[in-house]
Amino acid sequence: MRRTLFVIGGILLSWVLGAVVVRLGLDWADTFPYSEASEWRYLGVAIAALLVAIGGSVATVLLARRRRRRDSATRD
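Residues numbered from 1 in each chain as written. Predicted model: local features only at pLDDT ≥ 70, side-chain atom pairs only at ≥ 80, totals over all residues. Heavy atoms only, no water.

Draft legend 1. Focus on the packing of aromatic side chains. For the structure shown, the criterion picks out one aromatic pair. With 5.3 Å between their ring centres and 80 degrees between their planes, Trp28 and Phe32 make a pair best called edge-to-face. We classify Trp28 as partly exposed; its relative accessible area is 45%. Above the face of the Phe6 ring, Arg67 is positioned so that its terminal group lies 5.2 Å from the ring centre. (Phe/Tyr/Trp six-rings, centres within 6.5 Å; stacked < 30°, edge-to-face > 60°. Buried < 20%, exposed > 50% of the residue type's maximum accessible area, 1.4 Å probe, protein only. Lys NZ or Arg CZ within 6 Å of the ring centre and 35° of its normal.)

If you want it as structure tokens, here you go:
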């Protein structure tokens, strides 16, 4: 149960951090006057946010799997 809560908490934290990246990135992008480059900045912010959210989720799952393997190896 504890591991499951760790994984859920890690995934939720990753997506919250992704949302923070969006908020801060859009605030930064809006400091420039609107131009064709603005769309590229918005796209960059979206990609960075997805990388943070998905990367953190994958890292959480991989860490949980590694811990489970290590714990089961020490029990045997």
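Draft legend 2. Spatial organisation of the side chain of Ser57. By the secondary structure assignment, Ser57 is in helix α2 (residues 36-75). Taking relative accessible area as the criterion, Ser57 reaches 12% and is therefore assigned buried. Among the polar contacts listed, one links the side chain of Ser57 to the backbone oxygen of Ala53, at a separation of 2.9 Å. In this view, Ser57 contacts Ile11, Ser14 and Trp15; residues no more than four positions away in its chain are not counted. (Helix = DSSP H or I, 4+ residues; strand = E, 2+ residues; numbered from the N terminus. Polar contact = N/O pair within 3.5 Å; in protein donor to acceptor, adjacent residues only side chain to side chain. Contact = heavy atoms within 4.5 Å.)

Draft legend 3. Summary view of the layout of surface pockets. Put simply, the largest pocket is a space of about 180 Å³. Looking at the largest pocket, the residues that line it are Arg2, Arg3, Phe6, Val7, Ala64, Arg67, Arg68 and Asp71. At the level of secondary structure, the elements contributing two or more residues to the lining of the largest pocket comprise α1 (2-29) and α2. (1 Å grid on protein atoms, 1.4 Å probe; cavity = no way out; pocket = protein on both sides within 12 Å on 5 of 7 lines; lining within 4 Å. Points joined across faces, edges and corners; volume = space filled by probe spheres on them.)

Draft legend 4. Local environment of a positive patch on the surface. Residues Arg2, Arg65, Arg66, Arg67, Arg68, Arg69 and Arg70 make up a contiguous surface patch of positive charge. Sort the elements by how many residues they give to the positive patch and α2 lands first, with six residues. Mapping Arg67 onto the fold places it in helix α2. (Patch = residues over 30% accessible without salt bridge, like charges linked within 9 Å, V, L, I, M, F, W, Y side chains within 5 Å. Areas by Shrake-Rupley, 256 points an atom, 1.4 Å probe, with all protein chains shown as cover. Salt bridge = Lys/Arg side-chain N within 4 Å of Asp/Glu carboxyl O. Lys, Arg positive; Asp, Glu negative; His and termini not counted. Charge placed at Lys NZ, Arg CZ, Asp CG, Glu CD.)

Draft legend 5. Quick look at the pattern of salt bridges. If you walk through the whole model with that rule in mind, you get one salt bridge. Two residues, Asp27 and Arg23, come together in a salt bridge whose shortest N-O distance is 2.5 Å. Linking Asp27 with Arg23, this pair stays in helix α1, spanning four residues, or about one helical turn. Its relative accessible area of 37% is what places Asp27 among the partly exposed residues.

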